[in-house]
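Examining the three-dimensional arrangement
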Amino acid sequence: MGKDSKQMQEWGGEFGKEYTDRNALTLEAVDALYQRNYGVTRTEMNDRFIGDLDHNMRVLEVGSNVGTQLLFLQRAGFNNLYGIDVSAYAVELSKTRTKGINIILGSGFDIPFKDGFFDMVFTSGLLIHIAPKDITQVLDEIYRCTKRYMWCFEYFVPEYTEVVYRGQKDLLWKANFYKMFLDQFSDLRLVKEERFKYLDSDKVDAMFLLEKRDQLFSFVGASHAVDFTSGTAVLQ
């Protein structure tokens with residue numbers, strides 16, 4: 001799996017196993033959690049961002065854990081789904097929870113697929129666990145493996161900020177990840193971005209969809225206007 005970082009060791013070991021056991025939830029339970037946190041379900045978020053995309057496209061999740069986010073996509077009609085995770089325990093558990101989804105052991109530092117193999121690569125709470133010194137390598141791999149779209153849902157703050165996670169340091173960082181993509185790759189365009197504030201605090205998470213500019217834009221339905229001064233996209 002290429003690079004063996006401190007974070008990979010933690011997530012691939014007992015710490016990661018405990019996380020997996022805590023988060024092996026049903027889709028209904030996850031939707032209820034999102035509703036409590038943001039006032040909107042994960043199902044609704046997904047539909048806003050990728051509901052109009054080709055459901056036959058090949059999709060990879062980096063950091064798929066037990067496959068919950070992939071199951072959301074499968075339920076929505078996406079049928080060509082792949083996942084990779086550094087935790088062998090999570091990968092094995094995912095096989096008992098999913099059917100028709102290809103989940104294997106793998107790392108965002110060295111995604112085990114050829115260039116442009118996927119139409120979309122996505123993350124959900126994965127980039128926040130990559131150390132700042134390593135983030136460009138993971139973004140490179142995500143960019144390399146997708147021919148068109150990058151879609152992410154991550155914690156958001158304007159500047160890189162470390163957060164102590166369950167009493168441990170060097171495991172979680174908040175940042176403006178879509179700006180990192182745009183700064184690192186000149187051919188990307190921001191299709192849509194939306195920030196979701198927690199109902200009970202000032203914390204904010206961000207979902208964003210990026211597209212390689214050399215691909216024809218096929219996001220049909222509502223048009224989108226991008227405010228390049230603020231870096232946000234708004235639905236018209």
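See the structure printed just above.
Report on the accompanying structure. (Residues numbered from 1 in each chain as written. Predicted model: local features only at pLDDT ≥ 70, side-chain atom pairs only at ≥ 80, totals over all residues. Heavy atoms only, no water.)

1. With respect to helix α6 (residues 88–97)
Using the following cut-off: Accessibility here uses a 1.4 Å probe with only protein chains present; expressed as a share of the type maximum, an area under 20% marks a residue as buried, one over 50% as exposed, and anything in between as partly exposed. Strands here are runs of E lasting at least two residues and helices are runs of H or I lasting at least four, both read from the DSSP assignment and numbered beginning at the N terminus. It is the directions from the helix axis to the C-beta atoms whose arc is reported.
Looking at α6, one finds that the buried residues are Ala90, Val91 and Ser94. Down the axis of α6, the buried set is contained in an arc of 100°. They therefore lie on one face.

2. Quick word on the nonpolar core
In plain terms, the rule: Side-chain atoms within 4.5 Å are what join buried Ala, Val, Leu, Ile, Met, Phe, Trp, Tyr and Cys residues into a set we call a nonpolar core. The contact criterion used throughout is that any non-hydrogen atoms of two residues lie within 4.5 Å.
Leu60, Leu127, Ile142 and Phe181 are the most contacted members of the largest nonpolar core, which has 36 residues in total. Looking at this core, the elements that each hand over two or more residues are β1 (59–62), β2 (81–85), β4 (118–124), α7 (135–145), β5 (146–156), α8 (177–184), β8 (188–197) and β9 (204–212). With six residues, α7 is the single largest residue contributor to this core. Apart from the residues lying within four places of it in its own chain, the contact partners of Phe181 are Leu127, Leu139, Ile142, Met150, Cys152, Leu188, Phe208 and Leu210. By size, the runner-up hydrophobic cluster in this structure holds 30 residues, among which are Tyr38, Leu53, Phe78 and Leu209.

3. Description of helix α3 (residues 27–38)
Defined as follows: Multiply 1.5 Å by the residue count of a helix minus one, and that product is the helix's expected span.
Counted at 1.5 Å a residue, the expected span for α3 with its twelve residues is 16 Å, and the 16 Å between its end C-alpha atoms agrees. Along α3, the residues that are buried comprise Leu27, Val30, Asp31, Tyr34 and Tyr38. For α3, the angular spread of buried residues about the axis comes to 100°, placing them on one side. Exposed and facing more than 90 degrees away from the buried side of α3 are Glu28 and Arg36.

4. Quick word on the sheet that holds strand β3 (residues 102–105)
The following threshold applies: Here, strands pair whenever DSSP counts at least two bridges between them. Fitted lines through C-alpha atoms give the axes, limited to the stretch in contact for helices. The angle between two N-to-C directions lies from 0 to 180 degrees.
Taken in spatial order, the seven strands make up an open sheet running β3-β2-β1-β4-β5-β9-β8, and their pairing is mixed. Either end of the sheet is taken by a strand with one partner, and the two such strands are β3 and β8. Direction aside, neighbouring strands of the sheet carry axes that sit 15° apart on average. Two elements, β1 and β4, share three bridges in a ladder whose sense is parallel. For Leu60, the partnering residue across the bridge sits in β4 and is Val121. Against the sheet, α7 engages β1, β4, β5, β8 and β9, with an angle of about 145° to β5.

5. As for the side chain of His129
To keep it simple, the criterion reads: Two N or O atoms count as a polar contact when they lie within 3.5 Å, although within protein this holds only if one can serve as hydrogen donor and the other as acceptor, and sequence-adjacent residues are included solely when both atoms are side-chain atoms.
Within the secondary structure, His129 sits in the loop between β4 and α7. Taking relative accessible area as the criterion, His129 reaches 9% and is therefore assigned buried. A polar atom in the side chain of His129 sits 2.7 Å from the backbone oxygen of Leu171.

6. A short note on the pairing of β2
What counts is decided by this rule: Handedness is read with the strands pointing away from the viewer; a crossover is right-handed when the path from the first strand over the helix to the second is clockwise.
Of all five residues making up β2, five are buried, and the element is well covered by its neighbours. Here β2 shows a buried face lined by Leu81, Gly83 and Asp85 and a second buried face lined by Tyr82 and Ile84. Alignment of β1 against β2, held across four bridges, turns out to be parallel. Paired with Glu61 across the strands is Gly83, a residue of β2. Of the crossover connections in this fold, the one passing from β1 over helix α5 (residues 68–75) to the parallel β2 is right-handed. As defined by bridge partners, β2 adjoins β3 across four bridges and the pair is classed as parallel. Of the residues in β3, the one forming a bridge with Gly83 is Ile103. Where the polypeptide runs from β2 across α6 and back to β3, its parallel neighbour, the crossover connection is right-handed.

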